[in-house]
Amino acid sequence: QVQLVESGGGLVQAGGSLRLSCAASGSPFSNYAMGWFRQASGKEREFVAGIRWKGGRSSYADSVKGRFTISRDNAKNTVYLQINSLKSEDTAVYYCAADLFGVGAPEESKYEYWGQGTQVTVSS
């Protein structure tokens, strides 16, 4: 079992930056690939970024490449999502998810555990 708690969301002006955090507890964090997803109002949840359980290789949705950076600190049991150059279309609830021995895949079905989400609102 893994419990995930996101934080760091808020109201930000377009062009600004945020760093989201996802703190994990329970099973060894280092065994889990981590993913970030987001869901805008009225839309389906979509993959944003993922990072492998081992080796740190990351992947991104095309829509966020160059602006978003996923990273992890296994000593702190935390995964981060650095978001730069925020746009209004980045407004969404952001979720982190964990996948045992995974690769940070874009498919939601790969992830066994989910956080409750943190709201990011970008004002123009």
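As the structure is a prediction and not an experimental result, all values here were calculated from the model.

A. View of the nonpolar core. Counting 32 residues, the largest nonpolar core has Leu-4, Met-34, Trp-36, Val-48, Val-79, Leu-81 and Tyr-94 as its most contacted members. Of all elements in the fold, only strand E1 (2-7), strand E3 (18-26), strand E4 (32-39), strand E5 (46-51), strand E7 (68-73), strand E8 (78-83), strand E9 (92-100) and strand E11 (118-123) reach the threshold of two or more residues within this core. The element that contributes the greatest number of residues to this core is E9, accounting for five residues. Ignoring sequence-local partners within four residues, the contact set of Val-79 consists of Leu-20, Ser-21, Cys-22, Phe-29, Met-34, Trp-36, Ile-51, Ile-70, Ser-71 and Arg-72.

B. Geometry of the state of the cysteines. Taken as a whole and assessed by the stated rule, the structure comprises one disulfide. Disulfide partner of Cys-22: Cys-96, at an S-S distance of 1.9 Å. The sign of the S-S torsion, about 50°, decides the handedness of the disulfide formed by Cys-22 and Cys-96: right-handed. With a gap of 74 residues between them, Cys-22 in strand E3 and Cys-96 in strand E9 connect regions that are remote in the sequence. Judged by relative accessible area, which is 0%, Cys-96 ranks as buried.

C. The arrangement of the pairing of E4 in detail. By the criterion of burial, E4 is predominantly enclosed, with seven of the eight residues buried. Relative to E9, E4 is paired through eight bridges, and the arrangement is antiparallel. Along E9, the bridge assignment pairs Gly-35 with Ala-97. Inspection of the sheet shows E4 paired to E5 by five bridges, in the antiparallel sense. Pairing of Met-34 across the sheet is with Ile-51, part of E5. Between the end of E4 and the start of E5, which pair antiparallel, lie six residues, with Gly-42 showing a positive phi angle near 80°.

D. View of the packing of aromatic side chains. Per the stated rule, a full pass over the model turns up six aromatic pairs. Residues Phe-37 and Tyr-111 carry aromatic rings whose centres are separated by 5.2 Å and whose planes lie at 85° to one another, so their mutual orientation is edge-to-face. Of the two residues, Phe-37 sits in strand E4 while Tyr-111 sits in the loop between E9 and strand E10 (113-114), which places them 74 residues apart along the sequence. For the residue pair Phe-37 and Tyr-111, the accessibility class agrees, reading buried in each case. Both rings, one in Trp-53 and one in Phe-101, keep their centres 4.9 Å apart while their planes meet at 75°; by these two values the pair is edge-to-face. One end of the pair, Trp-53, is in the loop between E5 and strand E6 (58-60); the other, Phe-101, is in the loop between E9 and E10, with 48 residues separating them in the sequence. Among the aromatic side chains, those forming a connected cluster through ring pairs are Phe-37, Phe-47, Tyr-111 and Trp-114. The lysine or arginine in question, Arg-45, covers the ring of Trp-114, its NZ or CZ lying 3.9 Å from the ring centre.

Thresholds applied
- Residues numbered from 1 in each chain as written.
- Predicted model: local features only at pLDDT ≥ 70, side-chain atom pairs only at ≥ 80, totals over all residues.
- Heavy atoms only, no water.
- Core = buried A, V, L, I, M, F, W, Y, C linked by side-chain atoms within 4.5 Å.
- Buried < 20%, exposed > 50% of the residue type's maximum accessible area, 1.4 Å probe, protein only.
- Helix = DSSP H or I, 4+ residues; strand = E, 2+ residues; numbered from the N terminus.
- Contact = heavy atoms within 4.5 Å.
- Disulfide = S-S within 2.5 Å.
- Pairing = 2+ DSSP bridges.
- Phe/Tyr/Trp six-rings, centres within 6.5 Å; stacked < 30°, edge-to-face > 60°.
- Lys NZ or Arg CZ within 6 Å of the ring centre and 35° of its normal.

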